[in-house]
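Commentary on secondary and tertiary structure
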Amino acid sequence: MTEKKCEFDYRKYWAAATRRVVYGLLGLVATVAFVIFLVWAILHPHKPRFVLQDVTIYEFNISQPNLLSSNLQVTLSSRNPNDKIGVFYERLDIYASYRNQEVTLANLLPETYQGHLEVTVWSPVLIGSAVPVEPYLSPALNEDINAGMVLLNIKIDGCVKWKVGSWVSGCYRFLVNCPSFIPFSGQLVGAGTAIKDQLGQQCAVDV
């Protein structure tokens, strides 16, 4: 009578163990993702609300060949409309544009955390010294000046993060566009004069 030997197959054992570990990790990841999605769906964060309060223009002058110099200060506020979600603002660049062309250097706003229903106010100075502009902008600006109204757009480009409890989301691209119709009395603004306009203008926000 011959005795049967039972050989242990290590390869099958490790393959089965590896599958169990992989399936367990995938299940854990799926559970965490589902919980995050569920919290996100329940809380449903709303975009911050921006308002351009006022614009003061100290200089807005165009010279040949097509160089625009500008010096202005803006005041704008942001409100977090969420009562359970905080907002982190990071790398916020603010600048002024005229007819879709940037006419001031970007100014970096300080990184800010905004709690539930809180309001933040910024008053940056925006400067552009002899900024080259497209040739068509010079006659267009003169037309707007003669009409007594110039449309400037105050724009913000940066990153926003949501905070729920101790959890902080990834960085989301954040764009703000605040149109401002500035009244001009038929002439450009140079040294020694200033124009201040109280606006209270709602801004478009895209996240």
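Use the structure listed above.
Residues numbered from 1 in each chain as written. Predicted model: local features only at pLDDT ≥ 70, side-chain atom pairs only at ≥ 80, totals over all residues. Heavy atoms only, no water.

**Considering the state of the cysteines**
Test applied: Note on terminology: disulfide denotes any pair of cysteine sulfur atoms within 2.5 Å. Only runs of H or I of at least four residues qualify as helices and only runs of E of at least two qualify as strands under DSSP, and these elements are numbered from the N terminus. Relative accessible area decides the class of each residue, using a 1.4 Å probe on protein chains only: under 20% of the type maximum gives buried, over 50% gives exposed, and in between gives partly exposed.
With the rule as written, the count across this model stands at two disulfides. Disulfide pairing places Cys159 opposite Cys171 at an S-S distance of 1.5 Å. Taken as a pair, Cys159 in strand β9 (residues 149-164) and Cys171 in the loop between β10 (167-168) and β11 (172-183) lie far apart in primary sequence, twelve residues in all. With a relative accessible area of 2%, Cys159 lands in the buried category. For the protein chain, numbering the cysteines in disulfides from first to last along the sequence yields the connectivity 1-2, 3-4.

**Some remarks on the packing of aromatic side chains**
Our working definition: Only the six-membered ring of Trp is used, alongside the rings of Phe and Tyr, when aromatic pairs are assigned; centres must lie within 6.5 Å, and planes under 30 degrees apart are stacked while those over 60 apart are edge-to-face, with the rest tilted.
Enumeration according to the criterion identifies six aromatic pairs in this entry. Judged by centre distance (6.0 Å) and plane angle (10 degrees), the rings of Phe50 and Trp122 are stacked. Here Phe50 is found in strand β1 (residues 49-63), whereas its partner Trp122 is found in strand β7 (residues 119-122), with 72 residues between them in sequence. Like Phe50, the residue Trp122 is buried in the burial classification. Judged by centre distance (5.7 Å) and plane angle (50 degrees), the ring pair of Phe50 and Phe174 falls under tilted. Here Phe50, found in strand β1, pairs with Phe174, found in strand β11; they are 124 residues apart in sequence, far enough to count as distant. Both residues of the pair, Phe50 and Phe174, count as buried. Each member of the aromatic cluster is reached from another via a ring pair, and the members are Phe50, Tyr89, Trp122 and Phe174.

**Side note on unusual backbone geometry**
The phi angle at Asn100 is positive, at roughly 70 degrees, despite the residue not being glycine. Tracing the backbone through its elements, the reader meets Asn100 in the loop between β3 (86-98) and β4 (101-102). Looking at Asn100, the relative accessible area reads 73%, which means it is exposed. Unusually for a residue other than glycine, Ala130 sits at a positive phi of about 50 degrees. Residue placement: Ala130 occurs in strand β8 (residues 125-132).

**Observations regarding helix α2 (residues 137-147)**
Using the following cut-off: The arc under discussion is defined with respect to the helix axis, by the directions toward the C-beta atoms. Any two residues having at least one pair of non-hydrogen atoms within 4.5 Å are treated as being in contact.
Taken together, the buried positions of α2 are Leu137, Ser138, Ala140, Leu141, Asp144 and Ile145. Looking straight down α2, one finds its buried side chains confined to an arc of 165 degrees; they lie on one side. Facing away from the buried surface of α2 by more than 90 degrees, the exposed residues are Glu143, Asn146 and Ala147. Buried residues belonging to α2 abut β1, β2 (67-79), β3, β4 and β9. Positive backbone phi, at 85 degrees, marks Gly148, one or two positions downstream of α2.

**Describing the environment of Met149**
Mapped onto the elements of the fold, Met149 is located in strand β9. According to the relative accessible area criterion, Met149 is partly exposed, its value standing at 39%. Measuring from C-alpha to C-alpha, the distance between Met149 and Ile182 comes to 5.6 Å, with 33 residues separating the pair along the chain. Contact partners of Met149, with chain neighbours within four places excluded, come to Asp144, Phe181, Ile182, Pro183 and Phe184.

**Some details on the pattern of salt bridges**
Basically, it comes down to this: Any Lys or Arg side-chain nitrogen found within 4 Å of a carboxyl oxygen on Asp or Glu counts as a salt bridge.
Following the criterion strictly, the structure yields five salt bridges and no others. Between Arg91 and Glu90 there is a salt bridge whose closest N-O contact spans 3.8 Å. Among the residues examined, Arg91 registers a relative accessible area of 49% and is labelled partly exposed. Judged by its relative accessible area of 17%, Glu90 falls in the buried class. In this structure, Asp144 engages Arg99 in a salt bridge whose closest nitrogen and oxygen atoms are separated by 3.2 Å. Taken as a pair, Asp144 in helix α2 and Arg99 in the loop between β3 and β4 lie far apart in primary sequence, 45 residues in all. For Arg99, a relative accessible area of 38% puts it in the partly exposed group. Connected via shared salt-bridge partners are Glu90, Arg91 and Lys161.

Any link to function would need more than the numbers given here.
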